[in-house]
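Residues per chain are reported as follows:
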Amino acid sequence: MKRIVLVIVAVFLLSILHAKQQKWVQRVEPTFWWTEMNQPEFQVLLYGTDLSSADISIDYPGVTISRKEITDNPNYVFLYLNVSKEASPGRFTIVLKKNKHTQTVIYELKKRQDGSASRKSFTGADALYLLMPDRFANGNTANDSVKGYHQGVHRNITGARHGGDIEGIISNIPYLADLGITTLWTTPLFDNNDTQYSYHHYACSDYYKIDPRLGKNEDYRRLSDSCHSKGLKLIIDVVPNHCGSSHWWLKDIPAKDWFNTWPVYTSSNYRMTAWTDPHASQADRYRLTHGWFAPNMPDLNLQNPLLFDYLRQVYVFWIESANIDGMRVDTYPYNDIKTAAQFIQSIRNEYPDMNVVGECWVKTPAEIAYYQSGNNNKDGFDSRLTSVMDFCLKDVFSSAFNETESWDGGMARFYSLYAQDFVYANPNMIMNFLDNHDIDRYSTAVKRDVNKYKMGLAMLLTARGYPQIYYGTEIMLDGIPGDYQGHRFDFPGGWAEDKRNAFTVKDRTIVENEVFNYLRTLLNYRKNNPVLQSGLMKQFIPENGIYVNFRYNDDKTIMIIANNNEQPKDIDLIRFKEMLSGKNAGTEITTSKTYSLKAPLSVPAKTVLIIDVHE
Ligand SMILES: [Ca+2]
Ligand SMILES: [Ca+2]
């Protein structure tokens, strides 16, 4: 009886509470935060009906409201909380009061993971694998179509969603580890509910939600844990330039200057060179940064400090909660670059050893070097990017093996490009790649010529800097040149209904296995031999279509001999004696064949020999 009375009283009290409790607040972001962060202040976005006039208070030891920022839109409050060192992890209540009405919001501070701030990142010793989750493997068909989300799955339509997901990646982590990959970079995983072309996820509609078609928020952490259990690191794709037109902000824009807006749709001029051009006009730089990347990608104005903090926290939130090891920054020069640099640094303030590779799609070494941190630029600009992508070397890979030798064609392209490395602050942190999701598949660049393809892999895996492999490269996956959708075919075998499973030896063709085994050998050799990760390089001017360079350190010397001719060639080694003194023989790392270094060396046509030289 006593118990029944208690229940009745409790229900009565709850109903009173419920009657007074308002529901102005519809969104709270981020949904939780941590104690012991390096930056004690963080922002909580509160969104709801006419919140700006509410009195807001909290009562929790060690946590204070440092400021309440409002905008020209009364539906938003940006509450800055200061978390002192004395604050304990736990839950507290944010109380909003207005006209004698009250709403309470429960907020949580979690304990920061031990060692989180000092986490190690990917380095030049790593080999990256880039994949698009929708196109890699479908590990969960139950999430292919989700209520409230557009598109569904249509694998026969190249620009549609195909159903790949986080589960599919997790199930293939052992495959990647076996291949010799040490770091995984996935294109973004955030919610992207555009009506079409949403599969790439670069047009975010909710930063605090993993797209349910890719998985749940917890699945990102599971992916990271799976990577770590196999010795792989995980890189997050950071997109500071734009969100997607289906983002919930678009229904009620947080502030007039939240986006870069124009009277009529205006694209960027895409001329990233305007940043380094000493003669550039203000108008061109303005159009570059304020013009939109695409009509469905509203251009974010990171110079709005509230947006800056919001987006900074988005990435801190995911790095912390999903335990991420590194960052890749999308379309860096489309932002105001000084603000972009501050943005990157603001994230790294939480993770000082975090490495960051930036997509600065410029076409000269001088311009690429400008974007690598530590470059001592004349104008004082420091991008805060520890690593840059070598789009120049990518072009060399695509053309050199298709050309006959000349002063500046064929293998001379490698020679001339490496000769310009003096511009780089840190050549070991240059990211090298044959292709990626935005450019022609390497298989199409060399017209599926296996010999040229293997030459590309050999030059990639022995280049200074570190390699990035695009998914499917290991099986020479086909593509369609000049067509975005043609760069992003499904990995065969990633779907249960596929006719064959190219993740397995038995289902790969002879040619696919030849390419796979070649790359696997190269990756595992590089993984176990620092000489190819950080060794010095010495090169010799190409002669007669033969290009020789060396990677060397105190322990090892590797001779790389590329014969770009259609005929085999015998190479006299006298010219390389400064690197070969005391060395009598060598072992080619992909064939284990032994070569004498005391006689002319025979190199097959269209082949790169990678020789570990010894006494
Ligand atoms: Ca799926
Ligand atoms: Ca922009």
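Please refer to the structure placed before this passage.
Scope of this entry: the structure provided in the associated data block.

About the cut-offs
Residues numbered from 1 in each chain as written. Chains lettered and ligands numbered in written order. Predicted model: local features only at pLDDT ≥ 70, side-chain atom pairs only at ≥ 80, totals over all residues. Heavy atoms only, no water. 1 Å grid on protein atoms, 1.4 Å probe; cavity = no way out; pocket = protein on both sides within 12 Å on 5 of 7 lines; lining within 4 Å. Points joined across faces, edges and corners; volume = space filled by probe spheres on them. Nonpolar A, V, L, I, M, F, W, Y, C, P; charged D, E, K, R; others polar. Donors = N, O, S within 2.8 Å, 3.2 Å for Na, K, Ca; no water. Helix = DSSP H or I, 4+ residues; strand = E, 2+ residues; numbered from the N terminus. Buried < 20%, exposed > 50% of the residue type's maximum accessible area, 1.4 Å probe, protein only. Core = buried A, V, L, I, M, F, W, Y, C linked by side-chain atoms within 4.5 Å. Contact = heavy atoms within 4.5 Å. Salt bridge = Lys/Arg side-chain N within 4 Å of Asp/Glu carboxyl O.

1. Things to note about the layout of surface pockets
For the largest pocket, the calculated volume is near 510 Å³. As for the largest pocket, its lining consists of 22 residues, of which Phe293, Met297, Asp438, Tyr484 and Arg488 are closest to the centre. Of the residues assigned to the lining of the largest pocket, the class counts are 12 nonpolar, six polar and four charged.

2. Thoughts on the coordination of the calcium ion (ligand 2)
Geometry reference: four tetrahedral donors at a metal, ideal angle 109.5 degrees. Six octahedral donors, ideal angles 90 or 180 degrees. Looking at the calcium ion (ligand 2), one finds its protein donor set to be Asn241 (OD1), Thr289 (O), Asp299 (OD), Asp299 (OD) and Tyr334 (O), positioned 2.3 to 2.6 Å from the metal centre. In the primary structure, the donors to the calcium ion (ligand 2) are separated according to the pattern N-x47-T-x9-D-x34-Y. Placement of Thr289 in helix 6 (residues 282-290) and of Tyr334 in the loop between strand 14 (326-329) and helix 8 (337-348) is noted, with a sequence separation of 45 residues between them. Each member of the pair Thr289 and Tyr334 is classed as buried.

3. Some details on unusual backbone geometry
Residue Pro30 is bonded to the preceding Glu29 through a cis peptide linkage, with omega at -5°. Mapped onto the elements of the fold, Pro30 is located in the loop between strand 1 (25-29) and strand 2 (33-34). Positioned with a positive phi, Tyr197 is a non-glycine residue whose angle comes to about 50°. Locating Tyr197 in the fold gives a position in the loop between strand 11 (190-191) and strand 12 (206-210). Unlike most non-glycine residues, Asn376 shows phi in positive territory, near 55°. Counting through the fold element by element, Asn376 comes out in the loop between helix 9 (365-370) and strand 16 (387-389). Owing to a relative accessible area of 74%, Asn376 belongs among the exposed residues under this scheme.

4. Topic: the nonpolar core
Counting residues in each nonpolar core, the largest one holds 178 residues, and the members touching the most others are Tyr129, Tyr207, Trp249, Tyr315, Tyr332, Tyr371 and Phe414. In terms of residues, this core owes the most to one element, helix 7 (residues 305-322), which gives 12 residues. Beyond its immediate stretch of four places on either side in the chain, Tyr332 contacts Ile337, Ala340, Ala341, Ile344, Glu359, Cys360, Tyr371, Phe381, Ser383 and Leu385. Counting 18 residues, the second-largest nonpolar core is a separate cluster that includes Ile546, Phe550, Met559 and Tyr595.

5. Here we look at the environment of Met132
In this fold, Met132 is placed in the loop between strand 9 (128-131) and helix 2 (133-136). The sequence separation of Met132 and Gly164 amounts to 32 residues, and the corresponding C-alpha distance is 8.4 Å. Dropping the residues within four chain positions of it, Met132 is found in contact with Thr187, Tyr199, His200, His437, Tyr470, Tyr471 and Arg488.

6. Thoughts on the pattern of salt bridges
Counting across every chain of the model gives 37 salt bridges. For Arg328, the salt bridge identified is with Asp330, shortest N-O distance 3.0 Å. Taking relative accessible area as the criterion, Arg328 reaches 1% and is therefore assigned buried. We note a salt bridge from Asp395 to Lys363, for which the minimum N-O separation is 3.3 Å. Placement of the pair is Asp395 in helix 10 (residues 391-400) and Lys363 in the loop between strand 15 (355-358) and helix 9, with a sequence separation of 32 residues. Residue Asp395 is classed as partly exposed on the basis of its relative accessible area of 30%. Taken together, the shared-partner salt bridges in this structure form one network comprising Arg155, Asp490, Glu497 and Asp498.

Read these as geometric descriptors, not functional statements.
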